[in-house]
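# Examination of the molecular architecture
Spelled out, the chains give:
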Amino acid sequence: MNYRHAFHAGNFADVIKHIVLVRILTYLQEKPAAFRVIDTHAGAGIYDLAGEEAGRGGEWLTGIARLMQARLSDTAGPLVAPYLDIVRAFNPQRGLTAYPGSPLIARALLRPQDRLVACELEPIARKHLVGALRRDTQARVVDLDGWVALPAFVPPKERRGLVLIDPPFERKDEFDRLASGFAEAFAKWPTGSYLLWYPAKTWRAVLRLQPAAGRTNAFAWNSAWRRRRRMARSRRRDF
Ligand SMILES: C[S@@+](CC[C@H](N)C(=O)[O-])C[C@H]1O[C@@H](n2cnc3c(N)ncnc32)[C@H](O)[C@@H]1O
């Protein structure tokens, strides 16, 4: 495993993913019934933006740093505010030196009745995550392959919840694992919500996910894919 999320923490893709994550969890908070968060590829939990890895590509500068300085519209501002509040809580001195990953963002939105389970295979990242969630009775970090944990952890005892699947896509089979893992989990826990994060670099790869998404109400997936197809068609017309 070569992937190190610290290089990419807080970049524009991380920001979009985490805004969506926060939107889903704040929606789940609207009902008092408990929810469960299952983070299959959790990462280290907290990233040092002043550190060597984050500093090398400086990806966070065009992601979270830019967003924090932006003047948001009256529509976007309230939607993004809960996410920005969480990032600010990790930077109490007003600057921006720390960036929370998905398990710590999810943890920030758990109420006493909610639970989080986070899988991380890479030992150093897992050690950091265990440290960040030490003595936390609502969050559990497991040394398990996220693809194995996914079907094993659903359905949890809670009826509602969220599965975040955010693999590094280092291996060619990860699109297939995403499609089959999602389909299997959804069949076992249809009342759960699913956030699948994947690069839409090639059409072929995206199309492989369609059968799994098509069996569900994956509206977000479908609309993103359709938008991409429309853009590609209009680009073809331009030439
Ligand atoms: C894209 S990063 C996760 C970022 C995190 N979800 C976030 O939003 O902050 C992917 C993580 O998955 C871990 N990983 C890779 N293969 C895994 C597997 N099979 N099971 C669990 N974790 C894995 C990597 O070590 C890496 O930390």
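A few points on the structure. (Residues numbered from 1 in each chain as written. Predicted model: local features only at pLDDT ≥ 70, side-chain atom pairs only at ≥ 80, totals over all residues. Heavy atoms only, no water.)

### Structural notes on the nonpolar core
Note the cut-off: Grouping buried Ala, Val, Leu, Ile, Met, Phe, Trp, Tyr and Cys residues that are joined through side-chain atoms within 4.5 Å yields what is termed a nonpolar core. Only protein chains enter the area calculation, which uses a 1.4 Å probe; residues under 20% of their type maximum are buried, those over 50% are exposed, and those in between are partly exposed. Only DSSP runs of H or I with at least four residues qualify as helices, and only runs of E with at least two residues qualify as strands; both kinds are numbered from the N terminus onward. Any two residues having at least one pair of non-hydrogen atoms within 4.5 Å are treated as being in contact.
If you look at the biggest cluster of nonpolar residues, it comprises 41 residues, and the most contacted ones within it are Leu25, Ile64, Tyr83 and Tyr99. Elements that contribute at least two residues to this core include exactly helix 1 (12-28), strand 1 (35-39), helix 3 (64-69), helix 4 (76-89), helix 5 (102-108), strand 4 (115-119), helix 6 (123-132) and strand 6 (160-165). Sort the elements by how many residues they give to this core and helix 1 lands first, with seven residues. In contact with Tyr99, not counting residues within four places along its chain, are Ala9, Gly10, Asp14, Val15, His18, Gly45, Ile46, Tyr47, Leu49, Ile64, Tyr83 and Val87. Of all hydrophobic cores here, the second largest spans 23 residues; its members include Trp147, Val163, Phe169 and Leu196.

### Overview of helix 6
Rules: Arc definition: it is the arc formed by the directions from the helix axis to the C-beta atoms.
Listing the buried residues of helix 6 in full gives Ala125, Arg126 and Leu129. Buried residues in helix 6, looked at end-on, bunch into an arc of 95°, giving them a common side. Set apart from the buried face of helix 6 by more than 90 degrees, the exposed residues are Ile124 and Lys127. Close packing links the buried residues of helix 6 with helix 5, strand 4 and strand 5 (139-142).

### What to know about unusual backbone geometry
Glycine aside, residues mostly have negative phi, and peptide bonds are mostly found in the trans state. Residues Val154 and Pro155 are joined by a peptide bond in cis, for which omega reads -5°. Here Pro155 lies in the loop between helix 7 (146-153) and strand 6. Positive phi is not limited to glycine here, since Arg94 has a value of about 80°. Mapping Arg94 onto the fold places it in the loop between helix 4 and strand 3 (98-100). Residue classification places Arg94 among the exposed residues on the basis of a relative accessible area of 79%. Despite not being glycine, Phe169 shows a phi value in the positive range, around 55°. Mapped onto the elements of the fold, Phe169 is located in the loop between strand 6 and helix 8 (174-188).

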